[in-house]
Amino acid sequence: MKKNLPKTYEPWKYEDKIYRRWERSGAFNPDKLVSAEKSSYYSIAMPPPNVTGVLHLGHALENSIMDIQTRFQRMQGKKVLLVPGTDHAAVATQAKVEKELVKEGIKNPREQLGRKELLKRVRQYSEQSKKTIISQIKKMGTSCDWSRLAYTLDKERSEAVNEVFVKMFKDGLIEKDYRVINWSVKGQSTCSDDELEHREEKTTLYTFKYSKDFPIAISTTRPETKLGDTAVAVHPKDKRYKKYIGKTFTVDVGAKSPLKIKVIADREVDPDFGTGALGVTPAHSQIDFEMKEKNNLDLIAVIGKNGKMNENAGKEYTGLTIKQARKKFVTWLKNQSLLEKEELITHNVSTSDRFGDIIEPLPMEQWFVRVNKEIPGHNGKTLKDLMKEAVTVGHNGDRSKKIIITPNRFIDQYLHWIDNLRDWCISRQIWWGHQIPVWYDGTKIYCNTEPPSGKKWQRDPDTLDTWFSSGLWTFSTLGWPQKTNDFKKYHPTSWMQMGYEILFFWMARMILMSTYTLNEIPFQEVYIHGILRDKTGRKFSKSLGNGIDPIDMIKKYGTDALRLGLISGIAPGNDSRFFEEKLEGTRNLVNKIWNISRYILENQSTSSPQSLSKIKPEELTSADLFILKKMMRLIESTNQQLEKCDFSGASDQLRDFTWNELADWYLEISKFEDNKKVKTAILFTVLKDLLKLWHPFMPFVTEEVWSKFNDSLLITEKYPRKNSYSKIIKKARRTHDFDLIKDLIVAIRNIRAEYKIPPAKKIKAIIYGHSLVNAIKSEVELIKKLRTGIEELTIEKSGPKIKRAAFASVNEIEIYIPLAELIDFKKETARAKKELANYENFSKQLKNKLSNKQFTKNAPKEIVAREKERLEVTLKNIKKIKTYLKSIA
């Protein structure tokens with residue numbers, strides 16, 4: 001045995017040293033895992049955090065979940081690879097740097113600095129942020145292989161991005177097209193549908209006619225765009241407008257040229273919204289653009305990239321902002337007596353998730369991934385088909401290539417999203433990111449992984465949506481497009497975890513990219529977690545001032561306490577709540593494990609048997625068998641829970657065993673029973689396996705304790721199996737179940753608490769054991785010593801009921817505690833009767849309230865439910881007091 005443990009556990013003294021030891025040992029690198037099975041490969045690609053700052057609590061949760069899974073699988077004897085990495089986060093990073101530059105006085109960073117200098121500033125920022133993030137990941141104890149560190153914008157990942165782009169281009173799946181896209185005026189870039197945030201706003205719904213001669217009134221919240229209308233859409237079955245369908249009207253609304261408005265039929269129009277007629281503006285609505293394509297309508301753009309009205313809007317409007325133009329156009333409608341109604345409504349407004357401005361739909365030429373186009377050589381399948389197959393029938397119909405999603409309710413959401421998926425706009429007008437591998441020479445276009453020869457070729461200035469590179473993450477991090485050993489061994493990856501908020505951003509795109517590029521799924525299983533919220537259920541945010549820095553929590557409570565606090569109470573797919581008070585409890589548990597370990601190691605004797613196989617079965621007491629059985633069941637259930645990714649359930653079981661069965665019961669028993677050598681052997685064996693069970697959750701404290709009696713690292717030990725326990729339990733002499741004695745002792749303690757008997761006050765007890773009398777007699781010393789305060793204990797097979805005594809029963813066992821010397825019957829009876837009267841009066845009030853039909857009908861459901869619950873509790877208390885009065889009568 002090595003040195004004893006210090007009296008208190010101070011995490012900051014050990015954590016960094018332990019992490020460096022793990023790194024030096026090569027335990028994170030599966031190539032160096034000598035103890036692992038040769039052909040058992042297991043891989044996880046870390047969701048790469050954005051290089052936009054520092055890690056928050058959500059990242060800490062993800063690292064905790066991911067590392068628990070990694071360590072558990074490594075301890076199963078597998079060659080586990082957790083690939084670390086970071087994401088260049090194109091729009092998010094450039095937006096953040098530009099915001100800081102504006103604060104420094106550079107009002108227009110792109111114009112003032114130019115591409116080369118701005119990219120230099122962004123790169124400097126991202127590299128510093130990357131270093132901070134990596135150090136934070138290490139602080140969380142995440143056991144990833146740093147020799148394989150990846151970055152979405154590094155050379156290897158850039159090669160993979162270009163390779164996939166060129167492949168999709170040649171297959172006709174990436175094309176440039178003129179369509180209405182989401183445009184951020186502030187960011188001067190496109191945004192995909194998934195990058196939009198929607199917020200409710202109050203706005204005015206205007207109802208008007210284009211002219212006095214126009215037969216149909218329309219309703220809109222954006223009257224300024226009506227300067228570019230080319231049609232009015234109505235439902236084909238709307239009798240009010242049926243006779244106008246197909247007709248074209250010329251109207252002058254003050255635009256550059258008079259508008260030709262064609263009345264068209266569209267089944268998507270809601271006849272009950274507004275007037276049942278919609279002004280169609282193909283240039284400024286994606287839905288209206290689709291109507292244009294179907295009906296061969298004209299397209300008139302009246303808003304420019306700068307967010308101001310252009311010359312098509314007419315001389316009076318050119319150069320005006322959206323709000324100015326709206327005000328002016330509405331005034332014109334009023335002056336012309338064309339405005340019929342104004343009403344205030346609430347509607348959703350789309351905003352850029354990174355730049356924060358309201359999105360302006362504009363027609364523009366951009367690059368798109370065609371999700372509905374047939375893929376060459378795939379039997380008529382589209383990208384959407386591949387994305388569906390992967391989670392339903394399995395890739396190419398192979399059930400073994402079906403992705404398992406936990407919880408499976410997200411499958412329906414995923415499929416619904418795919419059904420409504422439009423072509424993916426992948427080009428961005430920012431500079432930070434993967435520049436599109438396309439060159440132009442006049443009308444000639446060249447697309448390849450290498451640039452063309454010749455000076456005339458100009459490269460496309462746009463960059464790719466960051467999710468394009470992130471979509472390749474599971475295989476680009478393993479060396480693809482090179483045919484590396486890592487790629488052969490570790491792809492498809494085994495497991496992936498992510499929050500449900502990026503299910504469509506990221507999971508869907510990884511499935512798209514992998515099934516198309518590699519003809520295989522990206523991962524075998526996906527674990528979806530919810531959003532971490534504060535104690536009141538709000539999201540953590542700077543604006544609310546409720547942010548918690550995980551590093552601050554580590555400094556205060558230690559990493560193990562933070563990890564356990566984060567996963568405590570979580571369930572797959574559900575949001576969870578986090579508050580600092582949680583960490584006080586988990587820190588206490590970490591300290592409990594330390595103190596248990598310290599006690600066991602200090603009492604460990606070199607002459608004690610070091611394993612269960614050295615113990616003779618006949619030497620075991622019922623308490624020994626109790627802890628061995630509990631440990632065997634704990635090992636089995638913890639393995640099962642972790643296989644199901646029930647991290648919280650597994651930790652709850654471990655906590656209950658550690659604090660309850662081991663600390664409160666068996667450790668206390670070990671101080672009184674005579675077979676000391678057996679007890680120390682059992683405690684040492686249980687400790688070793690308990691440290692292994694806890695290790696994925698609390699890697700630091702368990703590794704430190706382990707190092708006090710073992711030269712090997714705990715991180716590479718095998719996870720416990722129940723076999724070593726089941727063998728000795730089967731051989732042991734069958735005695736009574738110790739749980740019976742435990743329940744008996746608890747019943748006596750409860751009586752003391754219920755009758756408010758002071759801890760120092762000794763009591764007498766009479767127990768009628770019936771068929772269990774001999775079992776109880778064999779445990780007399782334990783019953784008296786385990787905090788029952790019994791001075792005199794009488795055990796009989798049976799006997800008469802005892803008056804003025806507290807009573808409890810355990811199975812067939814009857815327990816009596818005479819109260820004559822413990823309480824003043826007269827005072828206690830008076831007190832209890834007074835309490836009973838209060839409860840009875842209160843129950844009458846509640847019954848009267850609940851019998852009032854007006855109350856139950858009109859009061860909120862939660863209030864009625866609360867009153868019913870209060871009545872139920874009150875009636876239980878009445879019954880309890882009556883029983884108590886009977887016992888002291």
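Residues numbered from 1 in each chain as written. Predicted model: local features only at pLDDT ≥ 70, side-chain atom pairs only at ≥ 80, totals over all residues. Heavy atoms only, no water.

Chemist: Please clarify how the overall build of the protein chain should be interpreted in this entry.
Modeler: Scanning the protein chain for helices and strands turns up 27 helices and 29 strands. Judged by the C-alpha coordinates and their principal axes, the protein chain covers about 110 × 75 × 55 Å. Classification of the 889 residues of the protein chain by burial places 56% in the buried group. Of all intrachain contacts in the protein chain linking residues separated by at least 6 positions in sequence, the fraction that spans at least 24 positions is 76%. Split by element, the accessible area of the protein chain, about 41,500 Å² in all, is 48% carbon and sulfur. Between the averaged position of the 152 positive side-chain charges in the protein chain and that of its 114 negative side-chain charges there is a distance of 3 Å. (Helix = DSSP H or I, 4+ residues; strand = E, 2+ residues; numbered from the N terminus. Buried < 20%, exposed > 50% of the residue type's maximum accessible area, 1.4 Å probe, protein only. Contact = heavy atoms within 4.5 Å. Areas by Shrake-Rupley, 256 points an atom, 1.4 Å probe, with all protein chains shown as cover. Lys, Arg positive; Asp, Glu negative; His and termini not counted. Charge placed at Lys NZ, Arg CZ, Asp CG, Glu CD.)

Chemist: In this structure, what is going on with the packing of helix H15 (residues 559–567) against helix H16 (residues 580–602)? I would like to understand it.
Modeler: Geometry of a packed helix pair, given as the angle between the helix axes and the separation of the axes. Where H15 contacts H16, the axes come no closer than 8 Å and their chain directions differ by 125°. With respect to H16, the axis of H15 lies oblique. The hand of the H15/H16 crossing is right-handed. Counted together, Asp 560, Ala 561, Leu 562, Leu 564 and Gly 565 of H15 and Lys 582, Leu 583, Thr 586, Arg 587, Leu 589 and Val 590 of H16 form the full contact between these two elements. Taken together, the residues that form the contact of H15 with H16 break down as 6 nonpolar, 2 polar and 3 charged. (Axes fitted to C-alpha atoms, helices over the stretch in contact; angles between N-to-C directions. Parallel < 35°, antiparallel > 145°, perpendicular 65-115°, else oblique. Left-handed = near helix turned anticlockwise from the far one by under 90°. Nonpolar A, V, L, I, M, F, W, Y, C, P; charged D, E, K, R; others polar.)

Chemist: So what exactly am I meant to see when it comes to a positive patch on the surface here?
Modeler: A cluster of basic residues, Lys 17, Arg 20, Arg 21 and Arg 24, forms a positive patch on the protein surface. Along the chain, the position of Arg 20 falls in helix H1 (residues 11–25). With relative accessibility at 43%, the residue Arg 20 sits in the partly exposed group. (Patch = residues over 30% accessible without salt bridge, like charges linked within 9 Å, V, L, I, M, F, W, Y side chains within 5 Å. Salt bridge = Lys/Arg side-chain N within 4 Å of Asp/Glu carboxyl O.)

Chemist: Could you clarify how one ought to interpret H1 in this entry?
Modeler: For an α-helix, 3.6 residues make a turn, and residues three or four places apart therefore share a direction. Spanning 15 residues, H1 covers 21 Å between terminal C-alpha atoms, matching the ideal 21 Å at 1.5 Å per step. Among the residues making up H1, those that are buried are Pro 11, Tyr 14, Glu 15, Ile 18, Tyr 19 and Trp 22. All buried residues of H1 lie within an arc of 130° about the axis, which places them on one face of the element. Along H1, the residues that are exposed and aim more than 90 degrees away from the buried face are Trp 12, Lys 17 and Arg 24. (Expected span 1.5 Å × (residues − 1). Arc of directions from axis to C-beta.)

Chemist: Just checking my understanding: could you explain the side chain of Asn 29 for this structure?
Modeler: Among the secondary structure elements, Asn 29 is positioned in the loop between H1 and strand E1 (41–45). Only 2.9 Å separates the side chain of Asn 29 from the backbone nitrogen of Asp 31, close enough to count as a polar contact. Leave out the neighbours within four places in its chain, and Asn 29 touches Asp 145, Ser 147 and Arg 148. (Polar contact = N/O pair within 3.5 Å; in protein donor to acceptor, adjacent residues only side chain to side chain.)

Chemist: Help me understand the sheet that holds strand E6 (residues 189–191) in this model?
Modeler: By definition, the strands of a sheet pair up through backbone hydrogen bonds, in either a parallel or an antiparallel sense. An order of E6-E5-E14-E16 is seen for the 4 strands of this open sheet, with the pairing classed as antiparallel. A strand with exactly one partner marks an edge of an open sheet, and here the two such strands are E6 and strand E16 (424–425). (Pairing = 2+ DSSP bridges.)

Chemist: What is the right way to look at the environment of Asn 29 in this model?
Modeler: Accessibility expressed as a relative area gives 10% for Asn 29, which makes it buried. Through-space distance from the C-alpha of Asn 29 to that of Ile 261 is 67 Å; in sequence the pair is 232 residues apart.

Chemist: Honestly, the nonpolar core in this entry has me stumped. Any pointers?
Modeler: In a soluble, globular protein the nonpolar side chains are often hidden away together inside. Ranked by size, the top nonpolar core spans 138 residues in total, and within it Ile 682 and Phe 697 carry the most contacts. For this core, the element with the highest residue contribution is helix H19 (residues 676–694), accounting for 11 residues. Setting aside anything within four residues of it in sequence, one finds Ile 682 in contact with Leu 612, Ile 615, Leu 620, Asp 624, Ile 627, Leu 628 and Tyr 666. Of all hydrophobic cores here, the second largest spans 63 residues; its members include Leu 81, Val 164, Val 371 and Met 513. (Core = buried A, V, L, I, M, F, W, Y, C linked by side-chain atoms within 4.5 Å.)

Chemist: How should I be thinking about the sheet that holds strand E8 (residues 218–220) in this particular structure?
Modeler: The 3 strands lie next to each other as E8-E7-E13, forming an open sheet whose pairing is antiparallel. Lying at the two open borders of the sheet, with one neighbouring strand each, are E8 and strand E13 (339–352). The average undirected angle you get between the axes of adjacent strands in this sheet is 25°.

Chemist: Would you mind going over helix H7 (residues 322–335) with me for this structure?
Modeler: Along its 14 residues, H7 runs 20 Å from first to last C-alpha, staying within 8% of the 20 Å computed at 1.5 Å per residue. Every buried residue of H7 is accounted for by Ile 322, Ala 325, Phe 329, Val 330 and Leu 333. All buried residues of H7 fall inside an arc of 130° around its axis, so they share one side. Opposite its buried face, H7 presents the exposed residues Lys 323, Lys 327 and Asn 335, each directed more than 90 degrees away.

Chemist: When you look at unusual backbone geometry in this model, what are you seeing that I'm missing?
Modeler: The general pattern is negative phi for most residues beyond glycine and trans for most peptide bonds. In this chain, Thr 406 is followed by Pro 407 through a cis amide linkage whose omega measures -5°. Note on placement: Pro 407 falls in the loop between strand E15 (404–406) and helix H9 (409–419). Along the chain, His 491 connects to Pro 492 via a cis peptide bond; the corresponding omega equals 0°. Tracing the chain through its elements places Pro 492 in the loop between helix H12 (485–490) and strand E22 (493–499). With phi around 50°, Gln 188 is a residue other than glycine that occupies positive phi space.

Chemist: Honestly, the packing of helix H17 (residues 622–643) against helix H18 (residues 647–670) in this entry has me stumped. Any pointers?
Modeler: Contact pair H17 / H18: the axes reach a minimum separation of 10 Å and the direction vectors enclose 170°. In terms of their interaxial angle, H17 and H18 are classed as roughly antiparallel. Counting all contacts with H17, which are made through Ala 623, Asp 624, Phe 626, Ile 627, Lys 630, Met 631, Leu 634, Ser 637, Thr 638, Gln 641 and Leu 642, the residues of H18 involved are Phe 647, Gly 649, Ala 650, Gln 653, Leu 654, Phe 657, Glu 661, Leu 662, Trp 665, Tyr 666 and Ile 669. Here the contact of H17 with H18 is composed, by residue class, of 14 nonpolar, 5 polar and 3 charged.

Chemist: Mind showing me how you'd approach the state of the cysteines here?
Modeler: What makes a disulfide is a covalent bond joining the sulfur atoms belonging to two cysteines. Within this structure, the stated rule accounts for 0 disulfides. Cys 144 forms no disulfide, and the closest cysteine sulfur to it belongs to Cys 645, at a distance of 19 Å. (Disulfide = S-S within 2.5 Å.)

Chemist: Hey, could you run me through the packing of aromatic side chains in this one?
Modeler: For any two aromatic rings, the description comes down to two numbers: the centre-to-centre distance and the angle of the planes. In this structure the tally under the stated criterion is 36 aromatic pairs. Ring geometry for Phe 329 against Trp 332: centres 5.8 Å apart, planes inclined by 20°, an arrangement best described as stacked. In this pair, Phe 329 and Trp 332 both sit in helix H7, 3 residues apart, roughly one turn of the helix. In this structure Phe 329 comes out as buried when scored by relative accessible area, which is 0%. A ring pair is formed by Tyr 446 and Trp 457, whose centres lie 5.9 Å apart and whose planes are at 55°; its orientation type is tilted. Residue Tyr 446 is found in strand E19 (residues 444–447), and its partner Trp 457 is found in the loop between E19 and strand E20 (458–459); the two are separated by 11 residues along the sequence. Taking NZ or CZ as reference, Lys 671 lies 5.5 Å from the ring centre of Tyr 599, over its face. For Arg 804, the ring lying beneath its charged end belongs to Phe 825, and the centroid distance is 4.1 Å. (Phe/Tyr/Trp six-rings, centres within 6.5 Å; stacked < 30°, edge-to-face > 60°. Lys NZ or Arg CZ within 6 Å of the ring centre and 35° of its normal.)

Chemist: How should I be thinking about the environment of Glu 37 in this particular structure?
Modeler: With respect to the element layout, Glu 37 can be found in the loop between H1 and E1. Taking the C-alpha atoms as reference points, Glu 37 and Lys 79, 42 residues apart in sequence, are found 6.8 Å from one another. Setting aside residues up to four positions removed in sequence, Glu 37 forms contacts with Gln 76, Gly 77 and Lys 79.

Chemist: Is there a simple way to explain the pattern of salt bridges in this structure?
Modeler: If charged atoms from side chains of opposite charge come close, those side chains can pair. A complete count under the given rule lists 62 salt bridges for this structure. Note that Arg 538 and Asp 534 form a salt bridge whose closest N and O atoms lie 3.0 Å from each other.

Chemist: When you look at the pairing of strand E29 (residues 813–818) in this model, what are you seeing that I'm missing?
Modeler: Consecutive side chains of a regular strand alternate in pointing toward one face of the sheet and then the other. Across the 6 residues of E29, 5 count as buried, placing the element largely inside the fold. Sheet topology places strand E26 (residues 763–768) next to E29; 3 bridges connect them, and they run antiparallel. Within E29, the position partnered with Ile 767 by the bridge is Ile 815. Two elements, strand E28 (residues 805–810) and E29, share 6 bridges in a ladder whose sense is antiparallel. From the neighbouring strand, Phe 807 faces E29, where its bridge partner is Tyr 816. Hairpin connection from E28 to E29: 2 residues lie between these consecutive antiparallel strands, with Asn 811 at a positive phi of about 55°.

Chemist: It is not clear to me how the environment of Thr 248 should be interpreted in this structure. Could you clarify?
Modeler: Tracing the backbone shows Thr 248 in strand E10 (residues 248–251). Ignoring any residue separated from it by four or fewer positions in sequence, one finds Thr 248 in contact with Lys 260, Ile 261 and Lys 262.

In short, geometric facts, not functional conclusions.
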